Amino acid sequence: MTASVTAAQSATSRLLVDLDAATLTETGAAYGMIPDAAIVLEGDRIAWVGARNALPQEYQHLEMQSLGGRIVTPGLIDCHTHIVHGGNRAAEFEMRLNGASYEEVARAGGGIVSTVTATRAASEAELLASALRRVDVLIAEGVTSIEIKSGYGLDIETELRMLRAARAVATHRPIHVKTTFLGAHATPAEYKGRDDAYIDEVCIPALHAAHAEGLVDAVDGFCEGIAFQPAQIARVFDVAQELGLPVKLHAEQLSNLGGAKLAAQYGALSADHIEYLDETGVIAMAEAGTVAVILPGAFYTLRETQAPPIDLLRKHAVPMALATDINPGSSPLNSLLLTLNMGCTLFRMTPEEALRGATQNAARALSLADAGTIAPGMRADLAVWDITHPAELSYRIGFNPLHTRIFGGLL
Ligand code: DI6
Ligand code: FE
């Protein structure tokens with residue numbers, strides 16, 4: 001099949017035709033599929049989508065662009081990343097595989113502390129440059145929106161620098177960025193054993209400062225035995241609430257501290273990881289409309305054996321998203337397509353759940369009201385794939401069938 005897409009950089013109305021199918025539309029069909037579809041773009045928005053033979057009269061004069069019988073999905077959305085960070089942990093990875101214990105790695109300066117040190121040492125330009133290399137790989141897979149967290153600075157200045165670099169990603173590349181303040185990620189060495197003092201003296205003042213600079217779209221925390229207790233997270237969430245910011249939480253990744261339930265009490269956008277989530281937590285999420293963000297990259301890297309409770313999430317109709325969790329420690333996974341495959345193979349999610357997880361439900365986890373589906377009024381962020389069935393997106397391993405990415409109506 002040969003490509004026959006004409007690049008039109010103007011922001012006038014255009015008609016995309018010769019689609020084998022448009023997916024994730026609002027029809028009730030599997031994948032929201034409309035076979036033999038047409039899509040009308042007006043500026044950076046979708047004006048109309050439907051069967052080609054049902055194209056309204058008013059659009060019939062438009063310049064037509066053929067997509068050569070390909071399948072179109074919404075642009076993909078990676079709703080949980082730590083893509084801005086200094087350094088990497090390859091040496092630690094190697095030490096572990098040569099038999100070093102967790103303690104030996106920590107004594108050699110490894111673990112999250114080493115990423116904090118590298119991030120503090122990096123300038124904003126350096127943080128941006130290294131993030132852009134990773135972002136470019138996602139863009140090449142049809143990703144049009146990402147979330148980026150702070151949380152490797154753990155001092156006021158570096159948390160702000162990370163968030164400025166995160167915002168700068170969207171000015172250097174055609175991608176939407178939602179920023180998340182994750183000051184409650186870990187306690188830095190200088191506050192060892194004084195978690196509460198860290199929350200009061202660094203985390204909360206950093207949140208106020210970042211918010212004042214317009215750098216925060218949501219507030220996150222790491223609720224875990226090795227990180228922060230629910231009561232400490234609640235203090236940060238109280239501040240988020242005062243500032244009118246939505247919250248989300250790394251919850252139930254390694255144990256069950258009731259983090260998802262706590263997040264749900266604050267009307268959280270999402271609870272993420274959730275391998276150890278129980279039914280009470282699932283019900284709390286269902287009632288609050290909190291999205292379950294599934295992160296198979298960390299599960300795989302940590303060789304975790306407890307899978308997230310996919311059946312319970314289905315039973316209570318909790319929307320599921322899938323994300324990379326790109327970070328240098330527990331998830332050096334720089335592919336959202338591979339993440340879809342892992343969600344299916346490791347957790348038995350269906351290919352349709354996986355695709356909705358990286359589009360529609362990922363948008364919801366980020367409170368992105370105008371992305372994640374192909375519908376009138378939504379942003380014209382689309383991915384055109386050289387595939388004949390949408391399940392191919394999660395079926396293949398290490399293969400990228402992206403043909404064209406359309407961002408804000410532009411090819
Ligand atoms: N969950 C994780 O798995 C990571 N952070 C988090 O909140 C680990 C981060 C790291 O090791 O750098
Ligand atoms: Fe994470």
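Residues numbered from 1 in each chain as written. Chains lettered and ligands numbered in written order. Predicted model: local features only at pLDDT ≥ 70, side-chain atom pairs only at ≥ 80, totals over all residues. Heavy atoms only, no water.

## Examining the environment of phenylalanine 237
Note the threshold: To qualify as a helix, a DSSP run of H or I must reach at least 4 residues; to qualify as a strand, a run of E must reach at least 2; elements of each kind are numbered from the N terminus. Residue exposure (1.4 Å probe, protein chains only): buried if accessible area is under 20% of the type maximum, exposed if over 50%, otherwise partly exposed. Note on definitions: a residue-residue contact is assigned when non-hydrogen atoms from the two residues lie within 4.5 Å.
Structurally, phenylalanine 237 is set in helix H7 (residues 230-243). A relative accessible area of 0% means that phenylalanine 237 is categorised as buried. Residues phenylalanine 237 and leucine 262, 25 residues apart in the sequence, show an inter-C-alpha distance of 9.7 Å. When residues no more than four places from it in sequence are discounted, the contact partners of phenylalanine 237 are Val219, Asp220, Val247, Lys248, Leu249, Ala263 and Tyr266.

## Focus on the packing of aromatic side chains
The line we're drawing: For this analysis, a ring pair means two rings from Phe, Tyr or Trp (six-membered ring only for Trp) whose centres lie within 6.5 Å, classed as stacked if their planes differ by under 30 degrees, edge-to-face if by over 60, and tilted for the remaining angles.
Evaluation of the coordinates by the stated rule reveals four aromatic pairs. On the basis of an interplanar angle of 20° and a centroid distance of 6.1 Å, the ring pair of tyrosine 198 and phenylalanine 228 is categorised as stacked. Placement of tyrosine 198 in helix H6 (residues 195-212) and of phenylalanine 228 in the loop between strand S9 (218-223) and H7 is noted, with a sequence separation of 30 residues between them. Among the aromatic side chains, those forming a connected cluster through ring pairs are Tyr191, Tyr198 and Phe228.

## Examining the state of the cysteines
To keep it simple, the criterion reads: When two cysteine sulfur atoms are found within 2.5 Å, that pair is recorded as a disulfide.
Going through the model one piece at a time under the given rule, you end up with zero disulfides. Among the cysteines around cysteine 203, which has no disulfide bond, cysteine 223 carries the closest sulfur, lying 13 Å off. Using a relative accessible area of 1% as the deciding quantity, one classes cysteine 203 as buried. Left unpaired, cysteine 344 is separated from the closest cysteine sulfur, that of cysteine 79, by 15 Å.

## Brief notes about the coordination of the iron ion (ligand 2)
We count it as follows: Counted as donors are N, O and S atoms no farther than 2.8 Å from the metal, or 3.2 Å for Na, K and Ca; water is not among the atoms, and sites may therefore look incomplete. Every geometry call rests on angle ranges, with four donors termed tetrahedral when all angles are between 85 and 135 degrees, four termed square planar and six termed octahedral when opposite donors are over 155 degrees apart and all others are between 65 and 115, and everything else termed irregular.
The coordination sphere of the iron ion (ligand 2), as far as protein atoms go, consists of His80 (NE2), His82 (NE2), His250 (NE2) and Asp325 (OD), spread over 2.1 to 2.3 Å. Each of the four donor atoms bound to the iron ion (ligand 2) contributes to angles spanning 81 to 166°, and the resulting shape is irregular. One chain supplies every donor for the iron ion (ligand 2), spaced along it as H-x1-H-x167-H-x74-D. Placement of the pair is histidine 82 in the loop between strand S6 (76-78) and helix H1 (90-97) and histidine 250 in strand S10 (residues 248-251), with a sequence separation of 168 residues.

## Concerning the pattern of salt bridges
Definition in use: Counted as salt bridges are all cases of a side-chain nitrogen of Lys or Arg within 4 Å of a carboxyl oxygen of Asp or Glu.
Under the criterion given, the structure shown has 22 salt bridges. Linking glutamate 92 and arginine 89 is a salt bridge whose minimum nitrogen-to-oxygen distance equals 3.0 Å. For glutamate 92, a relative accessible area of 8% translates into the label buried. Residue classification places arginine 89 among the buried positions, given a relative accessible area of 12%. Ionic pairing is found between arginine 235 and aspartate 200, a salt bridge with its closest N-O pair at 2.4 Å. A residue pair is termed long-range when its members are at least 10 positions apart, and arginine 235 in helix H7 and aspartate 200 in helix H6 qualify at 35 residues. Residue classification places arginine 235 among the partly exposed residues on the basis of a relative accessible area of 26%. Linked through salt bridges whose partners overlap, the residues forming this network are Asp44, Arg45, Asp370, Arg379 and Asp381.

## Observations concerning the sheet that holds strand S8 (residues 176-184)
The condition that has to hold: Any two strands between which DSSP finds at least two bridges are classified as paired. To define axes, lines are fitted to C-alpha atoms, for helices over the stretch in contact only, and angles between the resulting N-to-C directions are given on a 0 to 180 degree scale.
Taken together, the eight strands give an open sheet; going across it, the order is S6-S7-S8-S9-S10-S11-S12-S13, and neighbouring strands pair in parallel fashion. With partners counted over all chains shown, the strands left at the sheet margins are S6 and strand S13 (320-322), one partner each. Averaged over all adjacent pairs, the angle separating strand axes in this sheet is 25°, with direction ignored. Against the sheet, helix H5 (residues 156-172) makes contact with strand S7 (143-149) and S8, and its axis sits at roughly 170° relative to S8, the strand it touches most.

## A few points about the side chain of threonine 290
Along the polypeptide, threonine 290 turns up in the loop between helix H9 (279-288) and strand S12 (291-294). Each residue touching threonine 290, except ones within four places of it in the same chain, is listed here: Ala264, Gly267, Ala268, Leu269, Ser270, Ala271, Met285, Val318 and Pro319.

## With respect to H7
The criterion, for reference: Expected helix span is taken as 1.5 Å per residue step, with the number of steps being one fewer than the number of residues.
With 14 residues, H7 extends 20 Å between its outermost C-alpha atoms, agreeing within 8% with the 20 Å of an ideal straight helix rising 1.5 Å per residue. Regarding H7, the residues found buried are Gln232, Ile233, Ala234, Val236, Phe237, Val239 and Ala240. The elements touched by buried residues of H7 are S8, H6, S9, S10 and helix H8 (259-265).

## A closer look at the site of ligand 1
Worth spelling out the cut-off: Proximity criterion: a residue is near a molecule or strand once any of its heavy atoms comes within 4 Å of it. Here a polar contact is recorded for every N or O atom pair within 3.5 Å, except that within protein the pair must consist of a potential hydrogen donor and a potential acceptor, and residues adjacent in sequence are included only if both atoms are side-chain atoms. Throughout, the ten residues Ala, Val, Leu, Ile, Met, Phe, Trp, Tyr, Cys and Pro are labelled nonpolar, Asp, Glu, Lys and Arg are labelled charged, and all others, Gly among them, are labelled polar.
Around ligand 1 sit Arg89, Ile112, Tyr152, His185, Phe222, His250, Gln253, His273, Gly329 and Ser330, and that is every residue in its neighbourhood. Taking histidine 185, its side chain carries an N or O atom lying 2.8 Å from a nitrogen atom of ligand 1. Between ligand 1 and serine 330 there is a distance of 2.6 Å, counted from an oxygen atom to a side-chain nitrogen or oxygen. Classifying every residue of the shell around ligand 1 gives three nonpolar, six polar and one charged.

## Examining the environment of leucine 269
Inspection of the secondary structure puts leucine 269 in the loop between H8 and strand S11 (270-273). C-alpha of leucine 269 to C-alpha of methionine 285: the two residues are 16 residues apart in sequence and 9.5 Å apart in space.

## Some points on the confidence of the model for the chain
Just so we agree on the cut-off: A score between 0 and 100, pLDDT records how confident the predictor is in each residue.
Across the chain, the average pLDDT comes to 93, with 97% of residues at or above 70. For the stretch residues 1-11, pLDDT sits under 50, and the model shows 27 contacts to residues farther than four places along the chain or on other chains.

## Digging into unusual backbone geometry
Even without being glycine, leucine 154 reaches a positive phi, approximately 60°. Mapped onto the fold, leucine 154 is located in the loop between S7 and H5. The class of leucine 154 is buried, set by a relative accessible area of 1%. Backbone geometry places glutamate 252, a non-glycine residue, at a positive phi of 55°.

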